[in-house]
Amino acid sequence: MSKVKVGLVQMSCTADKQQNLQKAIEKVREAAQQGAQIVCLQELFTSLYFCDEENYDNFKLAEAIPGPSTDELSKVAAELGVVIIASLFEKRTQGLYHNTTAILDADGAYLGKYRKMHIPDDPGFYEKFYFTPGDLGYKVFQTKFAKIGVLICWDQWYPEAARITALMGAEILFYPTAIGWASTQDVDTNTEQYDAWQTIQRSHAVANGVHVVSVNRVGEEVGLKFWGGSFVSNPFGKVIFQGDHREEQVTTVELDLAKTDYYRTHWPFLRDRRIDTYQPITKRLLDDE
């Protein structure tokens, strides 16, 4: 299919896990009513962003994948005939947890999962306390409507992750994310941070000649104002949709996947890659050690 409609669900969350899941389902229905064929939910949408603190009780939020949430979402996907991208807190076994996104096809089939590879540890984002780095590698999923690649939040800052996923055949890169401003920050700092976040992802679109869809949460939680601003970039970095910084939104955007061939032939960055020169990238630092 050349043209695909993607739905972005940007929402706020509460401490009630089931309430958040039902809210997300309602918004998936809204996106489907708008004509969406692939619907992406934000990172860890079934809870508040619990990584703002190191609290052992928060491990109780985790679940198996496949598990209760994917079972419920699979029914919705099959009913509506839409693909659902669902970011969840995965309990793999006792003491082993991941930040994971499950992919449910338009017939409700569970296609697999991607485990977040890059795990941050910053004030207010203590993810290393909770998440083991992904060990499934980078992933693409052949859905009914397109072959998609999924990366998660902190992965956004790494061009290597986008490149590998695109080289695997991803036609669209999706980024479920949860990122915001510290409540004490000034406007200039907030603007600079958002611009950097969007710019790096638009650069992935340009370098790889694919659409990028980034879906962020919104609303105030403890010490953080999640900045929303979900957006879609075309394969040359043009922002064709940008969400509000404060309000919940359900938006559907039509993507023309044939644009990939146009941009990759007119600006042939993949053709001109010097793969014989890139071995040093596997080093931590090129300091003669």
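Data block above holds the structure.
What comes next concerns the included structure. Predicted model only: the values in this text are computed from it and were never measured.

With that out of the way, let us pick up the pattern of salt bridges. In total, this model carries 14 salt bridges according to the counting rule given. Residue Lys116 pairs with Glu43 through a salt bridge whose shortest N-O separation is 3.0 Å. Placement of Lys116 in the loop between strand S5 (110-115) and strand S6 (140-142) and of Glu43 in the loop between strand S2 (38-41) and helix H2 (68-80) is noted, with a sequence separation of 73 residues between them. Of the two residues, Lys116 and Glu43, neither departs from the other in class, the shared state being buried. One salt bridge in this structure joins Glu221 and Arg217, with 2.9 Å as the shortest N-O distance.

Let us now look at unusual backbone geometry. Of note, the bond from Ile65 into Pro66 is cis; its omega dihedral lies within 30 degrees of zero at 0°. In this structure, Pro66 sits in the loop between S2 and H2. In this model, Leu44 sits at a positive phi of 50°, which is unusual for a non-glycine residue. One can find Leu44 in the loop between S2 and H2. By relative accessible area, Leu44 is classed as buried at 2%. One non-glycine residue, Cys153, lies in positive phi territory at about 40°. Among the secondary structure elements, Cys153 is positioned in the loop between strand S7 (147-150) and helix H3 (159-167).

Let us look at the side chain of Asn216. Its location among the elements puts Asn216 in strand S10 (residues 211-216). Separated by 2.9 Å, the side chain of Asn216 and the backbone nitrogen of Ile179 make a polar contact. Leave out the neighbours within four places in its chain, and Asn216 touches Gln10, Met11, Gln42, Thr177, Ala178, Ile179, Trp197, Trp227, Gly228 and Ser230.

Thresholds, definitions, all that
Residues numbered from 1 in each chain as written. Predicted model: local features only at pLDDT ≥ 70, side-chain atom pairs only at ≥ 80, totals over all residues. Heavy atoms only, no water. Salt bridge = Lys/Arg side-chain N within 4 Å of Asp/Glu carboxyl O. Helix = DSSP H or I, 4+ residues; strand = E, 2+ residues; numbered from the N terminus. Buried < 20%, exposed > 50% of the residue type's maximum accessible area, 1.4 Å probe, protein only. Polar contact = N/O pair within 3.5 Å; in protein donor to acceptor, adjacent residues only side chain to side chain. Contact = heavy atoms within 4.5 Å.

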